[in-house]
Amino acid sequence: MKIIRKLYKIFLVSIILVLLTYGGVLLYARMLPKLSINSANGYYLFDNNGELFYGKNDEWVKIEDISNYLIDATISVEDKNFYKHQGFDYLRIIKAMIVNIKNKKTLQGASTITQQYAKNLWLDFDKTWKRKINEAWLTLRLEVHYSKDEILEGYLNTINYGGVYGIENASKYYFNKNSKDLTLAEASMLAGIPKSPSYYSPLVNPVKAKQRQKTILNAMVKNGYITSNEADEAYNISLSYVGKTDKNNESYMYFKDTVISELKSIKSIPSSFIKTGGLKIYTTLDVNAQNILTDKINLYIDSDVEIASSIADPNTGAILALIGGRDYNKSAFNRATKAYRQVGSTIKPLLYYSALENGFTPSTTFTSSRTTFTFSYDKTYSPKNFDDRYPDKQISMMTALAYSDNIYAVKTHLFLGEENLVNMLKRVGITKNVEALPSLALGSVEIPLIDMVKAYSTFANGGSKVDTFTITKVEDVNGNVLYERKITSENILNKSNVFVLNEMLTNCYSSVLVDYGSPTCINIASKIDRKYALKTGTTDYDRWVIGYNPNIVFAIWAGYDNNDAPPIAVSSQIKNIWIDTAKEYLKDKEEEWYKIPDNVVGVIVDPISGKIATENTKKKLTYYIKGTEPKVDNKTLDDAIPTIKEE
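**Q** Is there a simple way to think about the pattern of salt bridges in this case?
**A** Pairing between side chains of opposite charge can happen when their charged atoms approach one another. Summed over all chains, the structure comprises 14 salt bridges. In this structure, Lys 393 and Asp 515 form a salt bridge, with 3.0 Å as the shortest nitrogen-oxygen distance. With Lys 393 in strand E10 (residues 393-396) and Asp 515 in the loop between helix H19 (495-504) and strand E16 (533-538), this pair connects stretches of sequence that are 122 residues apart. By relative accessible area, Asp 515 is classed as partly exposed at 36%. One salt bridge in this structure joins Glu 503 and Lys 531, with 2.8 Å as the shortest N-O distance. Of this pair, Glu 503 sits in helix H19 while Lys 531 sits in the loop between H19 and E16, placing them 28 residues apart in sequence. For Glu 503, a relative accessible area of 10% puts it in the buried group.

**Q** Is there a simple way to explain the pairing of strand E17 (residues 542-548) in this structure?
**A** Two faces make up the sheet, and in a regular strand the side chains alternate between them. Summarising burial for E17: seven of the seven residues are buried, a large majority. When E16 meets E17, the two strands line up antiparallel, connected through six bridges. Bridging from a neighbouring strand, Lys 535 pairs with Ile 546 of E17. Linking E16 to E17, which pair antiparallel, is a turn of three residues. Both E17 and strand E18 (residues 553-559) contribute to a ladder of seven bridges, which runs antiparallel. Considered in E18, the bridge of Arg 543 is made with Ala 558. Between E17 and E18, which follow one another and run antiparallel, lie four residues.

**Q** Help me out: how do you make sense of the nonpolar core in this one?
**A** Note on soluble globular proteins: their nonpolar side chains tend to be buried together. Counting 122 residues, the largest nonpolar core has Ile 281 and Leu 534 as the members making the most contacts within it. Residue contacts for Ile 281: discarding those within four places in its chain leaves Tyr 43, Tyr 44, Leu 45, Phe 46, Val 259, Ile 260, Leu 263, Ile 471, Lys 473 and Val 474.

Rules used throughout
Residues numbered from 1 in each chain as written. Predicted model: local features only at pLDDT ≥ 70, side-chain atom pairs only at ≥ 80, totals over all residues. Heavy atoms only, no water. Salt bridge = Lys/Arg side-chain N within 4 Å of Asp/Glu carboxyl O. Helix = DSSP H or I, 4+ residues; strand = E, 2+ residues; numbered from the N terminus. Buried < 20%, exposed > 50% of the residue type's maximum accessible area, 1.4 Å probe, protein only. Pairing = 2+ DSSP bridges. Core = buried A, V, L, I, M, F, W, Y, C linked by side-chain atoms within 4.5 Å. Contact = heavy atoms within 4.5 Å.

Spelled out as structure tokens, the structure:
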């Protein structure tokens, strides 16, 4: 009995201490200055001309101007005790803990509307204890300084409705009406989206969205907001969706996500909007480039294949345009920055630059024929050319690059040593750990598109490594500068060798090189109005085009997330997207190409053999480092490769 009384006293004292502590915390929170959340409306993104192109809460509405159906639906499904608790629903927390422990996984959450609003006032969603403590403290401060209606108003104006933030924006996006005019059917559909915006959006998953609507209508009945008949009637209404935003904002969403991701890495930016009152973010976005790219993709792609693309300024690394997928509302996954895809033959310019550094010239020849390479321990490797076509003769490096010849590439790779290309990737800023394999010469490594843009920028700017970026400056709402980008570059490549490589890459659309086949971009040659360095890449699941000149570096990838093979037409489509976009974007800009270095000389050669041209051969002006240009005969390196079996 004494033990029971002792335990009772300990329990009683503990409860009193908890209540006193909680009361003290509430009192302290009340004594602090009122948080200025009305100005903490999120972030505002400006393009490279200083024009606003995205405002997270640019359609803020008062609570009295929001449909009661939407309010009741939200409270029913998110926090039925919202008007009764002080920020935390303790009974709901205990219930969720029991359910989750019983099932050994997280099946239920217990966040109140106030907690969710507090979470929305932070820049990131890191699941750390420090972050959770900060959110809890902010929840208390919101509750003691603001009315329930003010908190609910802020929540509804900041929540994510499937890539569209705020209820007014969502109402206009989905139904082309103001939020105060939403019907019960429309409101119950929208209220279901925030739980999982990429899963319950009716534009993405109409079946799951309809199931979620049913759950919400049932909750509204249970909580006394509507009758069963009203719920059934609303559920059976067939809804039509507009699904459009002004100024084609959908195409900017992937760029916006890239900006926010970069923002989180800047240490000088406070972690919450409360400390800044919101952020003005000045970006590198060129709206003209973004719109042209979007229009060309929509013009040419007639299948459900996914797309990733980016245009950048090679001299600074500034990203001018970026698209991470076909439809942001169906998939917010940013394939331009997060998808690791095999790069295929777009790796070959890196290989051949390294070859130029190691004594190769545009006229260096290897025999290209069906070949099996044999290594130690009887390991073999049998690469194939595209369409299994071979010249069955010696060809020059410039021809191998223009045709994207795989046999020549592997021979070069093995001659230089497999680590050579690995080191080259590191030099140009590819941070992924890459294994030195024979197949690396054919792009078997998986690299995000944006990293390939960075790598190619090194060639496009004449040999300097630059980092890609989207943010130039960040200010708080009062105009105080929190961050400003400093442009840096590091010269890492030989300018003369870069020039020789850049010239070779113009052969990819040159009719002079048509011989046993055609260069890879010959089908768009008639559209090309100025010099570009171009390279295509093809794997079983990926299609690439990357090209540049002194003004832009521009990459496109197409494929499927599940690694299905893209339609045959996709290769041609993305080439046309590339050249049409580049032409239109650069049409008012002066044509530029690279200045010939003093130690580089031009020679007229037969591009296929690499030998000095004669009256009976093709003729192509080709550039060489002085002293390496062809004279009479050219040395073959075939015998220097590991054991080769030509079949």
